[in-house]
Amino acid sequence: MNPTPAERVAETLRDDLAAHGVRLPDVRADLTDPRQPRLELGTIPLGTGFALLRVLTDYQRLLKAERARLDRPAT
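The structure displayed is predicted, hence computed values, not measured ones. Counting from 1, residues in each chain are numbered in the order their sequence is written. Residues qualify for local features only when their pLDDT is at least 70, as the model is predicted, and side-chain atom pairs are given and counted only at 80 or more; totals for whole chains, interfaces and linings, by contrast, use all residues. Values shown for side chains rest on all heavy atoms present in the structure; no hydrogens or waters enter the calculation.

**A look at the overall build of the chain**
So the rule is basically this: Helix and strand definitions follow DSSP, with helices as H or I runs of at least four residues and strands as E runs of at least two, each counted in order from the N terminus. In this treatment the radius of gyration is a C-alpha quantity, and the globule benchmark scales as 2.2 Å times the residue count to the 0.38 power. In this scheme, a residue with accessible area under 20% of its type's maximum is buried, one over 50% is exposed, and one in between is partly exposed, where area comes from a 1.4 Å probe on protein chains only. The criterion used for residue contact is that any of the two residues' heavy atoms lie within 4.5 Å. Method for areas: the Shrake-Rupley scheme with a 1.4 Å probe, in which residue coverage is limited to the protein chains shown. Counted charges follow a simple rule, with Lys and Arg positive, Asp and Glu negative, and His plus the chain ends left uncounted. Where a charge lies is defined by one atom per residue type, namely NZ (Lys), CZ (Arg), CG (Asp) and CD (Glu).
If you tally the helices and strands in the chain, you get 2 helices and 2 strands. Ordering the α and β elements of the chain from the N terminus gives α-β-β-α. The C-alpha radius of gyration computed for the chain amounts to 15 Å, which surpasses the reference 11 Å derived for 75 residues by more than 25%, pointing to a less compact arrangement than a globule. Dimensions of the chain, computed from C-alpha atoms along their principal axes, come out at roughly 45 × 30 × 20 Å. When each of the 75 residues of the chain is scored for burial, the buried share is 16%. A separation of at least 24 residues holds for 40% of the contacts in the chain among residues at least 6 apart in sequence. Put simply, the chain shows about 6300 Å² of open surface, and 57% of that area lies on carbon and sulfur atoms. Distance from the positive charge centre (12 side chains) to the negative charge centre (11 side chains) of the chain: 5 Å.

Structure, rendered in structure tokens:
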């Protein structure tokens, strides 16, 4: 069975954080509504939470920049 996009994002987050020494074994995709998948995180230590917040903020900023780049008309 192929992983859904939400499951791939959860796996990517887990792998990216593990590469920086942060272990988050309880990151999973909630697929109860296939049109609106969500990521769920289990209990994490406070320091890990701050690191995760920084990573997610970076992902959000990069995603916004990529969307803006793709929406920009070609010159």
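**Remarks on helix 2 (residues 46–71)**
Going by this rule: Multiplying one less than the number of residues by 1.5 Å gives the expected span of a helix.
The terminal C-alpha atoms of helix 2 lie 37 Å apart, and with 26 residues this matches the ideal 38 Å at 1.5 Å per residue to within 8%. Listing the buried residues of helix 2 in full gives Thr 48, Ala 51 and Leu 52.

**Remarks on the side chain of Asp 30**
We count it as follows: As used in this structure description, the phrase polar contact means that two N or O atoms lie within 3.5 Å; if the pair is within protein, one of them must be able to donate a hydrogen and the other to accept it, and residues adjacent in sequence are counted only when both atoms belong to side chains.
As for its position among the elements, Asp 30 is in strand 1 (residues 27–30). Side chain to side chain, Asp 30 and Thr 32 meet in a polar contact 3.0 Å long. With near-sequence residues (within four places) excluded, Asp 30 lies in contact with Pro 37, Arg 38 and Glu 40.

**Section: the pattern of salt bridges**
The cut-off we apply is this: Whenever Lys or Arg places a side-chain nitrogen within 4 Å of a carboxyl oxygen from Asp or Glu, that contact is recorded as a salt bridge.
Under the defined criterion, the tally for this structure stands at 4 salt bridges. Arg 35 serves as the salt-bridge partner of Asp 33, at 3.9 Å between the closest nitrogen and oxygen. Since its relative accessible area comes to 77%, Arg 35 is described here as exposed. For the salt bridge of Arg 69 with Glu 66, the shortest nitrogen-to-oxygen distance reads 2.5 Å. Here Glu 66 and Arg 69 lie together in helix 2, a separation of 3 residues that amounts to about one turn.

That is the geometry; function is a separate question.
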